[in-house]
Amino acid sequence: MKTKKVLYIFYGVQSAIWPTGLLPGIEYPMAAAVLISLVLVLLTTGYRLWFFMVAARHTLDAVHFTTHRFYCLMLSIYISHMVDIVIFALAIYFAWHVLILGTISGSSAEGPFGHLYVSATIYTTIGFGDVLPSGHLRFIAATEGLCGLLYLAWSASFIFTSMGRVLNDRNRPSEKIE
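First, a word on what this report is: a plain description of the structure on this page.

How each quantity is defined
- Residues numbered from 1 in each chain as written.
- Predicted model: local features only at pLDDT ≥ 70, side-chain atom pairs only at ≥ 80, totals over all residues.
- Heavy atoms only, no water.
- Helix = DSSP H or I, 4+ residues; strand = E, 2+ residues; numbered from the N terminus.
- Buried < 20%, exposed > 50% of the residue type's maximum accessible area, 1.4 Å probe, protein only.
- Areas by Shrake-Rupley, 256 points an atom, 1.4 Å probe, with all protein chains shown as cover.
- Phe/Tyr/Trp six-rings, centres within 6.5 Å; stacked < 30°, edge-to-face > 60°.
- Contact = heavy atoms within 4.5 Å.
- Axes fitted to C-alpha atoms, helices over the stretch in contact; angles between N-to-C directions.
- Parallel < 35°, antiparallel > 145°, perpendicular 65-115°, else oblique.
- Left-handed = near helix turned anticlockwise from the far one by under 90°.
- Nonpolar A, V, L, I, M, F, W, Y, C, P; charged D, E, K, R; others polar.
- Patch = residues over 30% accessible without salt bridge, like charges linked within 9 Å, V, L, I, M, F, W, Y side chains within 5 Å.
- Salt bridge = Lys/Arg side-chain N within 4 Å of Asp/Glu carboxyl O.
- Expected span 1.5 Å × (residues − 1).

**Side note on the overall build of the protein chain**
A tally of regular secondary structure across the protein chain gives 4 helices and 4 strands. The burial tally for the protein chain puts 35% of its 178 residues in the buried class. Accessible area for the protein chain stands at about 11300 Å²; split by element, carbon and sulfur atoms hold 70% of it.

Written as structure tokens, this is what we have:
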């Protein structure tokens, strides 16, 4: 008995992984995009919360918040955003090349650094216009843009609090220990 290989076509891309008609009314690629987005939100929000708890313990709870600690805080915030961008880039790669949820057009999107570029552009909501997600990747890209906007604002408020601490420590008169 020969088996037939069935190809399904979504947005002009052939795929052998998305069946149709199993559950009426369910669009499997969109359900996959929503599930991936939900996992990404939970993963990156949990990571960001953990990061700020550790950063607060090591910087804001210090007796004197020095300039050196502030520079370390800024560098670690930058690195934490890069980790988020890498997580989203891996998800975009998986959704694009493995699940075939859509494509990203543009010559800048090619190769592993292209995925990082696409992710960084979406995360920071810069939107140069040289990359364009299509298909159900648009939902994942919208989720990344919203997460990036919220996480950057969260970082800005943490930096604002830290700067207030630096200025308070600098304006406080020195206490003599006897």
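**Points about the packing of aromatic side chains**
Applying the stated criterion across every chain, the model contains 5 aromatic pairs. Ring geometry for Phe52 and Trp154: centres 5.2 Å apart, planes at 40°, overall tilted. Highlighted residues: Phe52 in helix α1 (residues 28–60) and Trp154 in helix α4 (residues 137–171), separated in sequence by 102 residues. Overall, the relative accessible area of 5% leaves Phe52 in the buried class. By way of ring pairs, the aromatic residues Phe51, Phe52, Trp154 and Phe158 are connected into one cluster.

**So, the environment of Gly114**
Turning to its location among the elements, Gly114 is positioned in helix α3 (residues 111–123). Taking the C-alpha atoms as reference points, Gly114 and Val131, 17 residues apart in sequence, are found 9.7 Å from one another. Setting aside its immediate chain neighbours within four residues, Gly114 contacts Ser108 and Ala109.

**Considerations on the packing of α1 against helix α2 (residues 67–98)**
Remark: α1 packs on α2, axes separated minimally by 11 Å, with the N-to-C direction vectors making an angle of 170°. One way to sum up the angle between α1 and α2 is to call them roughly antiparallel. Like other packed secondary-structure pairs, α1 and α2 cross with a definite hand, here right-handed. Residues that form the contact of α1 with α2 fall into these classes: 15 nonpolar, 6 polar and 3 charged.

**Overview of a nonpolar patch on the surface**
Taken together, the side chains of Leu75, Tyr78, Ile79, Met82 and Val83 present a nonpolar region at the surface, about 460 Å² in accessible area. Relative to the assigned elements, Ile79 resides in helix α2. According to the relative accessible area criterion, Ile79 is partly exposed, its value standing at 45%.

**Some details on unusual backbone geometry**
Residue Ile100 is not a glycine yet carries a positive backbone phi of 50°. Its place among the elements puts Ile100 in the loop between α2 and β3 (104–105). In this structure, Thr125 takes a positive phi of about 55° despite not being glycine.

**Re the pattern of salt bridges**
Taken as a whole and judged by the stated rule, the model has 1 salt bridge. One salt bridge connects Asp84 with Arg48, and the closest N-O pair in it is separated by 2.3 Å. One end of the pair, Asp84, is in helix α2; the other, Arg48, is in helix α1, and 36 residues separate them in sequence. Asp84 gets classed as buried once you look at its relative accessible area, which sits at 0%.

**A word on the packing of α2 against α3**
Think of two packed helices as two axes; the pair is described by the angle between the axes and how far apart they sit. Taken N-terminus to C-terminus, the directions of α2 and α3 make an angle of 115°; their axes are 8 Å apart at the nearest point. For the crossing formed where α2 meets α3, the hand is right-handed. In this structure, α2 contributes His81, Asp84, Ile85, Val86, Phe88, Ala89, Ile92, Tyr93, Trp96 and His97 to the contact, and α3 contributes His115, Leu116, Val118, Ser119, Ala120, Ile122 and Tyr123. When grouped by side-chain class, the residues that make up the contact of α2 with α3 number 12 nonpolar, 4 polar and 1 charged.

**A few points about α3**
For α3, spanning 13 residues, the distance from its first C-alpha to its last is 18 Å, which sits close to the expected 18 Å at 1.5 Å a residue. Restricting attention to buried positions, one finds in α3 the residues Gly114, His115, Val118, Ser119, Thr121, Ile122 and Tyr123. The first or second residue beyond α3 is Thr125, which carries a positive phi of 55°.

These figures capture arrangement, not role.
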